[in-house]
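# Close look at the chain arrangement
The primary structure of each chain is shown beneath.
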Amino acid sequence: MSEERISSIARETSETSINLSFGVDGEGKSDLQTGVPFLTHMLDLFTKHGKFDLAIAANGDTEIDDHHTTEDIGICLGEALKQALGSKEGIKRYGNAFVPMDDALAQVVVDLSNRPHLEYRVELPSTRVGTFDTELVHEFLWKLAIEARMNLHVIVHYGHNTHHIIEAIFKALGRALDEATLIDPRVKGVPSTKGML
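Now for a quick tour of the structure. (Residues numbered from 1 in each chain as written. Predicted model: local features only at pLDDT ≥ 70, side-chain atom pairs only at ≥ 80, totals over all residues. Heavy atoms only, no water.)

## As for the overall build of the protein
- The number of helices and strands found in the protein is 4 helices and 10 strands.
- Scanning the protein from its N terminus toward the C terminus, one meets helices and strands in the order β-β-β-α-β-α-β-β-β-β-β-α-β-α.
- At 16 Å, the protein has a C-alpha radius of gyration in line with the 16 Å of a compact globule built from 197 residues.
- Considering only C-alpha atoms, the protein reaches an extent of 50 × 40 × 30 Å along its principal axes.
- A buried classification covers 52% of the 197 residues belonging to the protein.
- When contacts within the protein are restricted to residue pairs at least 6 apart in sequence, those whose partners lie at least 24 apart make up 77%.
- Surface accessibility of the protein: about 9300 Å² in total, with carbon and sulfur atoms responsible for 48%.
- Distance between charge centres in the protein, computed from 19 positive and 30 negative side chains, equals 10 Å. (Helix = DSSP H or I, 4+ residues; strand = E, 2+ residues; numbered from the N terminus. Rg over C-alpha atoms; globule rule 2.2 N^0.38 Å. Buried < 20%, exposed > 50% of the residue type's maximum accessible area, 1.4 Å probe, protein only. Contact = heavy atoms within 4.5 Å. Areas by Shrake-Rupley, 256 points an atom, 1.4 Å probe, with all protein chains shown as cover. Lys, Arg positive; Asp, Glu negative; His and termini not counted. Charge placed at Lys NZ, Arg CZ, Asp CG, Glu CD.)

## Some details on the pairing of strand S10 (residues 151-158)
- Across 7 bridges, the pairing between strand S6 (residues 104-111) and S10 is antiparallel. Looking across to S10, one finds that Leu105 is bridged to Tyr158.
- The pairing of strand S7 (residues 117-121) with S10 spans 5 bridges and is parallel. Residue pairing for S10: His117 is matched across the bridge by Asn151. (Pairing = 2+ DSSP bridges.)

## Describing the pattern of salt bridges
- If you walk through the whole model with that rule in mind, you get 10 salt bridges.
- A salt bridge links Lys29 to Glu27; the shortest N-O distance between them is 2.9 Å.
- Assessed through its relative accessible area of 52%, Lys29 is described here as exposed.
- We classify Glu27 as exposed; its relative accessible area is 54%.
- The partner of Arg93 in a salt bridge is Asp111, and the shortest N-O contact between them spans 2.6 Å. Taken together, the positions of Arg93 in the loop between helix H2 (67-85) and strand S5 (94-101) and Asp111 in strand S6 put the pair 18 residues apart, joining distant regions of the chain. The pair formed by Arg93 and Asp111 is uniform in burial state, with each residue classed as buried.
- Among the charged side chains, a salt-bridge network with shared partners connects Glu71, Glu139 and Lys143. (Salt bridge = Lys/Arg side-chain N within 4 Å of Asp/Glu carboxyl O.)

## Thoughts on the sheet that holds S5
- In spatial order, the strands read S5-S6-S10-S7; together these 4 strands make up an open sheet with mixed pairing. Of all the strands in the sheet, the pair left with one neighbour each is S5 and S7. In this sheet, neighbouring strand axes are inclined to one another by 10° on average, regardless of whether the strands run parallel or antiparallel.
- Against the sheet, helix H3 (residues 136-148) engages S7 and S10, with an angle of about 155° to S7.
- Contacts from helix H4 (residues 162-181) reach S5, S6 and S10, with the element oriented near 150° to S5. (Axes fitted to C-alpha atoms, helices over the stretch in contact; angles between N-to-C directions.)

## So, the packing of helix H1 (residues 37-50) against H4
- Taken N-terminus to C-terminus, the directions of H1 and H4 make an angle of 35°; their axes are 7 Å apart at the nearest point. In this structure, H1 meets H4 at a crossing whose hand is right-handed. Residues Phe38, His41, Met42, Leu43, Leu45, Phe46, His49 and Gly50 of H1 touch H4, and the partners they reach there are His163, Ile166, Glu167, Phe170, Lys171, Leu173, Gly174, Arg175, Leu177 and Asp178. (Left-handed = near helix turned anticlockwise from the far one by under 90°.)

## Let's talk about the environment of Ala180
- Topologically, Ala180 is positioned in helix H4.
- For Ala180, a relative accessible area of 0% puts it in the buried group.

## Some points on the packing of H2 against H3
- Where H2 contacts H3, the two axes come as close as 7 Å, and the packing angle between them is 30°. By the criterion of interaxial angle, the relationship of H2 to H3 is roughly parallel. The interaxial crossing formed by H2 with H3 has right-handed handedness. Listed contacts from H3 to His67, Thr70, Glu71, Ile73, Gly74, Ile75, Leu77, Gly78, Glu79, Leu81 and Lys82 of H2 are Leu136, Glu139, Phe140, Lys143, Leu144, Glu147 and Ala148.
- Taken together, the residues that form the contact of H2 with H3 break down as 8 nonpolar, 4 polar and 6 charged. (Parallel < 35°, antiparallel > 145°, perpendicular 65-115°, else oblique. Nonpolar A, V, L, I, M, F, W, Y, C, P; charged D, E, K, R; others polar.)

## Some words on the side chain of Thr16
- Assignment of secondary structure puts Thr16 in strand S2 (residues 16-23).
- Of the residues examined, Thr16 reaches a relative accessible area of 2% and is grouped as buried.
- There is a polar contact of 2.5 Å between the side chain of Thr16 and the side chain of Asp72. (Polar contact = N/O pair within 3.5 Å; in protein donor to acceptor, adjacent residues only side chain to side chain.)

Encoded structure:
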């Protein structure tokens, strides 16, 4: 691997201001100032389990709610992932991870295919965890999949504690993306018969 797989994204709107840097081949280090405490917790888990490096400095209209900030961080992280992977030469492309969290079992399957799609088979028992609106999990993952241009399948097999379910999803997301982004020395060029991803 000749080039560092890192990227930085800056996004300014009337609703949010976000600076994000992402390293694929990291050490699981995070420096997160999202303004949304539950999202910060989930992204810290994602980073640790994916062995990425992630820094976010975000200011948003959280006095209204967490929607715009959560959505825009998903957009920026997706852009950063796509940018950091570049041509995708030598990557495994596919990743699959099961993660249990006490009562919950989540599975995340990804294909870094340049085709955006989210399949979200998740039932969350509660609409809020603390002050966080749990429908924003779908919003975040949807925007991540679109901007990273990947197939993202999220399946929760069972679980009754909403916090545990969401935590298992984010850990599995990190682990599935870690697998998909790994360089496989057997792969020559891009892992597609089309010759590009």
